[in-house]
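Read off the chains here:
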Amino acid sequence: NTTNLLHLLRCAMALPITSLPLPKATTKHLAAQNITFLSDVVQTLPWLDSYSQKDVVSQLEELNLPQSHEKLLLDVLTTNINCPSFLSSKDVKESVLKSSLITFSSHLDALLCGGIFPGEIIEFVGEPGSGTTQLCSQLAVDCTIPKIFGGRNCKTLIVDCNGDTCEARLNQMADATLSHLKLIASSSEERDVVSRLTVKEMLSNISTVRCTDYSQLLALINNISEECNYGAVIVDALATHFRHEFDDMRQRTNILAELSNKLHRLCIRHNVTLVIVNQVRMDGEGNVQPCLGESWSHTAHRRVFLRKVAGDVYSATVMKGEKSGETANFRISSRGIRDCPS
């Protein structure tokens, strides 16, 4: 089905080889050829006109793997990621766009190719005051929009690492969203649904958990990986517990690699939308860079840099993924994330 293909295109490419159930001999052979992620094996891009198992096979043949290793890896690709035999790009686009999570800014949604998708890990990077937490709050509220209005109508978990999540702000955004739905309701069915919807009901689908150290974060991800009833998980801000709690950087790298594997498994197993907030640092040349280093940069399928422009205007620039290098402006108002006045 189209969900399985979405998994392949948006999740598999950044999935570490070590997270797959492969024998050590196979992963060792792949590592010797600098193959660390599935993107090194299957060089596909989103929205191919067609995709088939033959394409995977041809890529594997180019690796010159021993036949036993090649068969094992092919089995893992087609079984664990459920690669379908064929789907057209039109089928994929229609399915993905129907289930995408919007931001309430048409310019930002366009930059994100229609929104944020199930089975995807997206990372928003920014310094304090860049709008990351505000955007997370808006996304959490947007998850509660009924399906009849094109929403996801799912539960959301906010993992608060900074203590920045504000219940009053969530309430304010939910109230504004409900008012908007009442305004656009046109059919009798839509009016009936929105007349029964309340801010309290919307907020009941948003859970917030405070994590005060990295061990709590790892334990939480472990728990929800086993049994997850959330459509979206938001971690704000993951870097908090990894910037200053480690004297041994090798230990930090190993724990981050373990966390990355767990996050990918969570997305693939439960088709969860995972939103991560990362902080920034200054490199040796005075440039602003995302925290957590090069190896962590492979975790998210897309990475977007946020910054404040002036007043209530903010900008988003894609650092990794489709439309890399492109920028869109948006506004943070009392009602939430919105378009800038034209």
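Up top is the structure these notes are about.
Nothing here was measured: the structure is a model prediction, and the numbers come from that model.

Notes on the packing of aromatic side chains
Counted by the stated rule, this structure contains four aromatic pairs. Ring plane angle 5 degrees and centroid distance 5.8 Å describe the contact between Phe242 and Phe246, whose orientation is recorded as stacked. A relative accessible area of 8% places Phe246 in the buried class. Between Tyr314 and Phe330 the ring centres are 5.9 Å apart and the planes differ by 20 degrees, which places this aromatic pair in the stacked class. With Tyr314 in strand E9 (residues 313-320) and Phe330 in strand E10 (residues 327-333), this pair connects stretches of sequence that are 16 residues apart. Of the residues examined, Phe330 reaches a relative accessible area of 0% and is grouped as buried. Taken together, the aromatic side chains of Tyr214, Phe242 and Phe246 make up a single cluster linked through ring pairs.

Observations concerning the pairing of E10
Regular strands show a simple pattern: their side chains alternate between the two faces of the sheet. Sheet topology places E9 next to E10; five bridges connect them, and they run antiparallel. Counterpart to Val313 in the pairing with E10 is Arg331. Linkage of E9 to E10, two consecutive antiparallel strands, is achieved through a turn of six residues, within which Gly321 is found at a positive phi near 115 degrees. Where E10 and strand E11 (residues 336-338) come together, three bridges link them in antiparallel fashion. Each bridged residue has a counterpart across the sheet, and for Ser333 the counterpart in E11 is Gly336. Where E10 folds back on E11, the antiparallel hairpin that results is connected by two residues.

Conventions adopted
Residues numbered from 1 in each chain as written. Predicted model: local features only at pLDDT ≥ 70, side-chain atom pairs only at ≥ 80, totals over all residues. Heavy atoms only, no water. Phe/Tyr/Trp six-rings, centres within 6.5 Å; stacked < 30°, edge-to-face > 60°. Buried < 20%, exposed > 50% of the residue type's maximum accessible area, 1.4 Å probe, protein only. Helix = DSSP H or I, 4+ residues; strand = E, 2+ residues; numbered from the N terminus. Pairing = 2+ DSSP bridges.

Interpretation in functional terms is not warranted from these geometric data alone.
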